Amino acid sequence: MSEPSPQAIRAEALESLLIENGLLDAAAVDEVIEHYNERVGPMNGARVVARAWRDPHFKARLLADGTAALNEFEFDTTQTEKLVVVENTDAVHNLVVCTLCSCYPWAVLGLPPKWYKDPAYRSRVVREPRAVLAEFGVELPEQRQIRVWDSSAEVRYMVLPQAPVDAAECSEQELAGRVSRDAMIGVALS
Amino acid sequence: MDGIHDIGGRHGFGPIAPERDEPAFHERWEARVFSIMRAASAAGVVRNTDQFRHAIERIDPIAYLTHGYYGRWLGGLETLLTEAGVISRAQLTARVAELGGDPQAAPAARPAAEPDVIDYVASERDSRRAVAAPPRFAPGARVRTQATPKPGHTRLPTYARGRVGTVIAWHDGWVFPDSNAHGRGENPQHLYTVAFAGDDLWGEAGEPGLTVHLDLFESYLEAQ
């Protein structure tokens, strides 16, 4: 075990003071770790994408009003922001970022990955999305339009990736297993 | 404020570093910070998200870049807990020393001598609010963003300041972060998605076929 970082010690100091003055419950940390490691993640978003790939009527509702379309699922989460879903096509590729902080569609994708919150992605993707995509192994045709969505207010964005060719023959559950978190952020194709 | 957080379009941060099978929290202290955030919100120390975002914008800029996401949260929370008088810096420094840490280590937190006072609670659970006046802009309208820097919290990033774009969507009224962060009221405004051509942001040397979208409040915009 390496030496604890100054932030680790400071967090422990702050936690212990807040437990002493009754503001914080000592069990809260374990609950948070369990909740976010086991119960929250990108699986909600994958189910939404899978249904949109199989059901054109649902897809139309999702693109028209993402927030309302989420109510068709029984997700154990609270969405207080507006959700807008943007669709990848042969003509358009979409990418999501938050340059000012780290806004992210938690209700559908869980907690954001570290790289999403780090300065490199936040600074670069609004300026050189193709260079960023190449680092994720994604090369797009030159004529493909790129739309970057910089979440600067209480609207959260999720990308609807292009459906696989065999989508019609697969179950919704099978398809959901093939949707990656990165595709719903826009840095992967599936 | 023109802080280090306003990072969109800056050069020099190097490659992206994705990880495989990343856990929700890399270290236990990160989950500690997450729990402290919840407790501080429940206790009314963090009154709203805008205030919290601004507390993070106010931390030491070197710490902002080097302490990571939960390190930034820690700096913001320590700032607000100190400003609210829940803890003192002396108490915290003493506890850091007891735990074997360096009491001289410079903290990220930057509590203000005369902090903003937020003496109201949100009128709704979320931030969406009715606005009596009709929206000024319709989809298709050409708009120019404010060019003048402003002190305090704002959601207009520097890279899109004084630029011309096209309104592509209207999103009802929402609490105005620029005033709500400082305890100056919710003052809801209409919110629009504005599309900016890559060339208009980065010049002709930028990548072709790029459009960048921002959600911008009505008072950031003037008809072009």
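The text that follows walks through the structure, step by step, so that each part is easy to find. (Residues numbered from 1 in each chain as written. Chains lettered and ligands numbered in written order. Predicted model: local features only at pLDDT ≥ 70, side-chain atom pairs only at ≥ 80, totals over all residues.)

Core analysis: the biggest nonpolar cluster contains 102 residues, and Val49(A), Val148(A), Val33(B), Ile36(B), Ala40(B) and Leu77(B) have the highest contact counts within it. In terms of residue count, helix H1 (residues 28-42) of chain B provides more of this core than any other element does, eight residues in total. When neighbours within four sequence positions are excluded, Ala40(B) is seen to be in contact with Val45(B), Val46(B), Leu77(B), Leu80(B) and Leu81(B). (Core = buried A, V, L, I, M, F, W, Y, C linked by C-beta atoms within 7 Å. Buried ≥ 20, exposed ≤ 12 C-beta atoms within 10 Å, placed from the backbone. Helix = DSSP H or I, 4+ residues; strand = E, 2+ residues; numbered from the N terminus. Contact = placed C-beta atoms within 7 Å.)

Moving on: the interface of chain A and chain B. Contacts between the two partners involve 57 residues from chain A, matched on the other side by 67 residues from chain B. Of all elements in the fold, only helix H1 (6-20), helix H2 (28-39), helix H7 (114-117), helix H8 (119-124), helix H9 (129-135) and strand S3 (145-150) of chain A reach the threshold of two or more residues within the side of chain A that touches chain B. The element contributing the most residues to the side of chain A that touches chain B is H1(A), with 13 residues. Taken together, the residues that form the side of chain A that touches chain B break down as 32 nonpolar, nine polar and 16 charged. Across five bridges, the pairing between S3(A) and strand S5 (residues 210-217) of chain B is parallel. Within the sheet, the bridge partner assigned to Arg147(A) lies in S5(B) and is Thr211(B). (Nonpolar A, V, L, I, M, F, W, Y, C, P; charged D, E, K, R; others polar. Pairing = 2+ DSSP bridges.)

On to unusual backbone geometry. All names here are of chain B. Phi at Asp172 takes a positive value of approximately 65°, unusual for a residue other than glycine. Within the secondary structure, Asp172 sits in strand S3 (residues 164-174). Looking at Asp172, the number of C-beta atoms within 10 Å reads 13, which means it is partly exposed. Phi is positive for Asn187, which is not a glycine, with a value near 30°. On the secondary structure map, Asn187 appears in the loop between helix H6 (177-180) and strand S4 (189-197).

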